[in-house]
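Now for the letters of each chain:
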Amino acid sequence: MNNAFKALADGTRRKILSLLKERDMTAGEIAEQFNMSKPSISQHLKILKNADLVSDEKKGQYVVYSLNATVFQELVSWALDFVEKGDEKK
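Residues numbered from 1 in each chain as written. Predicted model: local features only at pLDDT ≥ 70, side-chain atom pairs only at ≥ 80, totals over all residues. Heavy atoms only, no water.

Peer 1: Sorry, what's going on with helix α4 (residues 38-50) here?
Peer 2: Think of an α-helix as 3.6 residues a turn; residues three or four steps apart then line up on the same face. In this model α4 runs 18 Å from its N-terminal to its C-terminal C-alpha over 13 residues, within 8% of the 18 Å that 1.5 Å per residue would give. Turning to α4, its buried residues number three or more, namely Ile41, His44, Leu45 and Leu48. The buried side chains of α4 occupy one side of the element, clustering within an arc of 100° when seen end-on. What points out from α4, more than 90 degrees from its buried face, is the exposed set Pro39 and Asn50. Summarising the contacts, the buried residues of α4 are in contact with α1 (2-8), α2 (11-22), α3 (27-31), β2 (54-59) and β3 (62-67). Just beyond α4, the residue with positive phi is Asp52, at close to 60°. (Helix = DSSP H or I, 4+ residues; strand = E, 2+ residues; numbered from the N terminus. Expected span 1.5 Å × (residues − 1). Buried < 20%, exposed > 50% of the residue type's maximum accessible area, 1.4 Å probe, protein only. Arc of directions from axis to C-beta. Contact = heavy atoms within 4.5 Å.)

This is how it looks when you write it as C-alpha cells:
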C-alpha cells in the first residue's frame, strides 16, 4: 500500500490513471497526452505497475495498460475504516 501512496503523490501519474479509467491504452497513446519524453512516461508507468495500480498485457507488438481497480478498492476500504471509526466516537 505504501508504493500505491507514493505513486499517487505525483500529478502526472494521477493523470495517467485518469486516462486509463476511461479506457485501456498503449504507452504511445498515453505519451501523446503529455508534453514529455516517452522514456519519462515509461518511467511513470513502471512506478504505477510496481504499485499494482496498473497492469500491462502484450498484444502483438504493443503493450496495453489498464487500471487495476482492486488496489483502489483496498485503498478506499482502508480510508473508510478511518471514517467509520471517527463516526463511532461521536
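Peer 1: Would you take a moment to explain the pattern of salt bridges for this structure?
Peer 2: Between side chains of opposite charge, a pair can form when the charged atoms approach closely. Taken as a whole and assessed by the stated rule, the structure comprises two salt bridges. Its salt-bridge partner being Glu29, residue Arg23 comes within 3.7 Å of it at the nearest N-O pair. For the salt bridge of Asp56 with Lys49, the shortest nitrogen-to-oxygen distance reads 3.0 Å. (Salt bridge = Lys/Arg side-chain N within 4 Å of Asp/Glu carboxyl O.)

Peer 1: When you look at the packing of α2 against α4 in this model, what are you seeing that I'm missing?
Peer 2: The angle between the axes and the distance between the axes are what describe a pair of packed helices. At their nearest, the axes of α2 and α4 sit 10 Å apart, and the two run at 75° to each other. In terms of orientation, α2 and α4 fall into the roughly perpendicular class. Contact residues: Thr12, Arg13, Ile16 and Leu17 in α2; His44, Leu45, Ile47 and Leu48 in α4. (Axes fitted to C-alpha atoms, helices over the stretch in contact; angles between N-to-C directions. Parallel < 35°, antiparallel > 145°, perpendicular 65-115°, else oblique.)

Peer 1: What's the story with the environment of Leu48 in this structure? I'm lost.
Peer 2: Inspection of the secondary structure assignment puts Leu48 in helix α4. Looking at Leu48, the relative accessible area reads 0%, which means it is buried.

Peer 1: Teacher, can you tell me more about the pairing of β2 here?
Peer 2: Regular strands show a simple pattern: their side chains alternate between the two faces of the sheet. As defined by bridge partners, β2 adjoins β3 across six bridges and the pair is classed as antiparallel. Within β3, the residue paired with Lys59 across the bridge is Tyr62. The antiparallel pairing of β2 with β3 creates a hairpin that spans two residues between the two strands, and Gly60 there sits at a positive phi of about 65°. (Pairing = 2+ DSSP bridges.)

Peer 1: When you look at the environment of Glu84 in this model, what are you seeing that I'm missing?
Peer 2: Examined against the element boundaries, Glu84 turns out to sit in helix α5 (residues 69-88). Overall, Glu84 belongs to the partly exposed group, its relative accessible area being 47%. Taking C-alpha positions, Glu84 is 33 Å from His44, a pair spaced 40 residues apart along the chain.

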